[in-house]
Number of protein chains: 2
Amino acid sequence: MKDKRNIKENERFRVKIRAIQDTMFVLGGKWRLPVILSIYSGNKRFNDIAASIPEMTNRVLSKELKHLEENRLINRTIIPDYPVRIEYTITPYCLSTQSVAEPMEKWGKNHIKMLKSQ
Amino acid sequence: MKDKRNIKENERFRVKIRAIQDTMFVLGGKWRLPVILSIYSGNKRFNDIAASIPEMTNRVLSKELKHLEENRLINRTIIPDYPVRIEYTITPYCLSTQSVAEPMEKWGKNHIKMLKSQ
DNA sequence: GCACCAGGTATACTTTAGGATACAGGTATC
DNA sequence: GATACCTGTATCCTAAAGTATACCTGGTGC
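Structure report, in brief. (Residues numbered from 1 in each chain as written. Chains lettered and ligands numbered in written order. Predicted model: local features only at pLDDT ≥ 70, side-chain atom pairs only at ≥ 80, totals over all residues. Heavy atoms only, no water.)

Taken together, 17 residues are adjacent to DNA strand D, and Arg59(A), Arg45(B), Ser62(B), Arg76(B) and Tyr88(B) come closest. Considering the 4 Å shell around the protein, atoms of DNA strand D inside it are sugar or phosphate in 59% of instances. In the environment of DNA strand D, a phosphate oxygen lies 3.0 Å from a nitrogen or oxygen atom belonging to the backbone of Lys30(A). Taking Ser62(B), its side chain carries an N or O atom lying 2.3 Å from a phosphate oxygen of DNA strand D. Of all the secondary-structure elements, those providing two or more residues to the surface near DNA strand D are helix H4 (58-70) of chain A together with helix H3 (46-52), helix H4 (58-70) and strand S2 (85-90) of chain B. At four residues, the largest contribution of residues to the surface near DNA strand D is made by H4(B). Grouping the amino acids of the surface near DNA strand D by side-chain chemistry returns six nonpolar, four polar and seven charged. (Near = heavy atom within 4 Å. Polar contact = N/O pair within 3.5 Å; in protein donor to acceptor, adjacent residues only side chain to side chain. Helix = DSSP H or I, 4+ residues; strand = E, 2+ residues; numbered from the N terminus. Nonpolar A, V, L, I, M, F, W, Y, C, P; charged D, E, K, R; others polar.)

Attention now moves to the interface of chain A and chain B. Counting residues at the interface gives 45 residues for chain A, matched by 45 residues for chain B. For the interface between chain A and chain B, the tally reads two salt bridges. Its salt-bridge partner being Arg14(A), residue Glu55(B) comes within 2.7 Å of it at the nearest N-O pair. Looking at the side of chain A that touches chain B, the elements that each hand over two or more residues are helix H1 (2-27), helix H2 (32-40) and helix H5 (98-116) of chain A. Residues that form the side of chain A that touches chain B fall into these classes: 23 nonpolar, 14 polar and eight charged. (Contact = heavy atoms within 4.5 Å. Salt bridge = Lys/Arg side-chain N within 4 Å of Asp/Glu carboxyl O.)

As structure tokens, this is what we get:
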């Protein structure tokens, strides 16, 4: 009886950590959420995004954009103007990342405060 | 006027991404939150934690425990028994990581569902 | 023609995360 | 005396993340 419960509980635990690791895989890393936030706040073009996060090199930006596109968090659209422009926009699905980004922002701010108060 | 607002907004944006990056630094990575969760769910000893997450090697566990201790998320106490035991417990401050871990768990579960439904 | 811009890619590098394996040092047990 | 358990550490390695710098292509403006 107790064993059965432990097995079930362990199963729940493993599902939990797998979910967290998946999130980490998709949204983890130093630049992913910042890039999403930058696009969300209105930057559509490569150089605009790059300018909004000057510490990130354009090679990294290029890679992150690809990763985000592959995970359906952003759209890359080619505008056939002269000259051709490329616009990045977040997908409706991407809005769900807010539920992760916001608590992380809060926690980070609080953590800095905590460190300072010591 | 408009410039002033943009500068202010930009400042807010930079504060935001710094906070997220700090959180990533402390809680990011494949194993950090799982280790916290394992301790939270009752595992106090090195081998118990290791057994609860068999995919992680003990070298990685050792490193993560050190990192978590340095960031005041767990306590390491030596129990002077024979043989000497060592117990890891989460700090009160560590409870605040729930506010990050839970949304990540939810998002990860939803993400998997999203991928499957395509 | 020439310089310049947008939106990247190429190349080469360093750093960090994470993994595989072994085993140490003390206690306890057979 | 040999062996096993506990809590890790040591050594070596690979892969991924991130950095630095240069360069490309196809326009535009002068």
